[in-house]
Amino acid sequence: GGTLLAGPAAIYRDGTLVGNTQVPQTGNGDIAKLPLGALNGLQLEHRVLQFEAGDSRFITARDTRSERFEVLIDSYLDYAIDLTVYEALPVPEDEDLDVQVQSVPSPTEQSVEGRRGVVGWTRSIAAGASEKISYGWTLRWPEDRELMQR
């Protein structure tokens, strides 16, 4: 063993060059994450199911916004694979902003790599199987305030 020095690397699959990347310096026993590109036989689709903005003044004077999404995962592989899907969810910076998040299934990771609002769903996808992740949120804030996003 030894240290893997940072620098360019050529990526080969079954003896065929499939791309180039940069390798970070990695110490003996450490793990380096390398982007190896698309995986043939795995399809992910992100769908926007709902985007509604308006007010809910029927009971209270509040503005609202609701968003709903789903991620469809289809495996055409002949072997099982573990896959993690990441998403950034809204995080309130003000006590007047009410954030209600819904997710099926629940995320398996919260605050990924210390980043607030970033969640992950790790799924074991069987050979030839399909999975679905549904999630969304509703934001509510006082009508006299303006919603600002970063």
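Relevant structure appears above.
Residues numbered from 1 in each chain as written. Predicted model: local features only at pLDDT ≥ 70, side-chain atom pairs only at ≥ 80, totals over all residues. Heavy atoms only, no water.

S.K.: I'm lost on the overall build of the chain in this one. Help?
M.R.: Regarding its fold elements, the chain presents zero helices and eight strands. Put simply, the chain has 150 residues, and 28% of those count as buried. Taking all contacts inside the chain whose residues are at least 6 apart in sequence as the whole, residues at least 24 apart take part in 64%. For the chain, the exposed area adds up to about 10400 Å²; of that, 49% sits on carbon and sulfur atoms. (Helix = DSSP H or I, 4+ residues; strand = E, 2+ residues; numbered from the N terminus. Buried < 20%, exposed > 50% of the residue type's maximum accessible area, 1.4 Å probe, protein only. Contact = heavy atoms within 4.5 Å. Areas by Shrake-Rupley, 256 points an atom, 1.4 Å probe, with all protein chains shown as cover.)

S.K.: What exactly am I supposed to notice about unusual backbone geometry here?
M.R.: Each neighbour pair has its own omega, and for V104 with P105 the value is -5°, a cis peptide bond. Even without being a glycine, S111 presents a positive backbone phi close to 45°. Its relative accessible area of 37% is what places S111 among the partly exposed residues. Positioned with a positive phi, E113 is a non-glycine residue whose angle comes to about 50°. Position of E113 among the secondary structure elements: in the loop between β6 (98–104) and β7 (118–125). Taking relative accessible area as the criterion, E113 reaches 64% and is therefore assigned exposed.

S.K.: How should I be thinking about the pattern of salt bridges in this particular structure?
M.R.: Oppositely charged side chains may form a pair once their charged atoms are brought near each other. Inspection of every chain in the model, using the stated rule, returns seven salt bridges. Across the pair R47 and E45 runs a salt bridge whose closest N-O atoms are separated by 3.1 Å. Across the pair E70 and K132 runs a salt bridge, and its minimum N-O distance is 3.9 Å. One end of the pair, E70, is in strand β4 (residues 62–75); the other, K132, is in strand β8 (residues 130–142), with 62 residues separating them in the sequence. (Salt bridge = Lys/Arg side-chain N within 4 Å of Asp/Glu carboxyl O.)

S.K.: Teacher, can you tell me more about the side chain of R65 here?
M.R.: For R65, the position within the fold is in strand β4. Since its relative accessible area comes to 12%, R65 is described here as buried. At a separation of 3.0 Å, a polar atom in the side chain of R65 contacts the side chain of E67. (Polar contact = N/O pair within 3.5 Å; in protein donor to acceptor, adjacent residues only side chain to side chain.)

S.K.: What is the right way to look at the nonpolar core in this model?
M.R.: A general tendency of soluble globular proteins is for nonpolar side chains to be buried together. I73, V85, I133 and Y135 are the most contacted members of the largest nonpolar core, which totals 20 residues. Counting only elements with at least two residues in this core, the list comes to β4, β5 (81–88), β7 and β8. The dominant element in this core, judged by the number of residues it contributes, is β8, at five residues. When residues no more than four places from it in sequence are discounted, the contact partners of I133 are F69, E70, V71, I73, V85, V104, P105, W121 and R123. (Core = buried A, V, L, I, M, F, W, Y, C linked by side-chain atoms within 4.5 Å.)

S.K.: It is not clear to me how the pairing of strand β2 (residues 16–23) should be interpreted in this structure. Could you clarify?
M.R.: As judged from the seven bridges shared by strand β1 (residues 7–13) and β2, these two strands associate in the antiparallel manner. Within β2, the position partnered with R13 by the bridge is T16. (Pairing = 2+ DSSP bridges.)

These results come straight from atomic positions and should not be treated as a statement about function.
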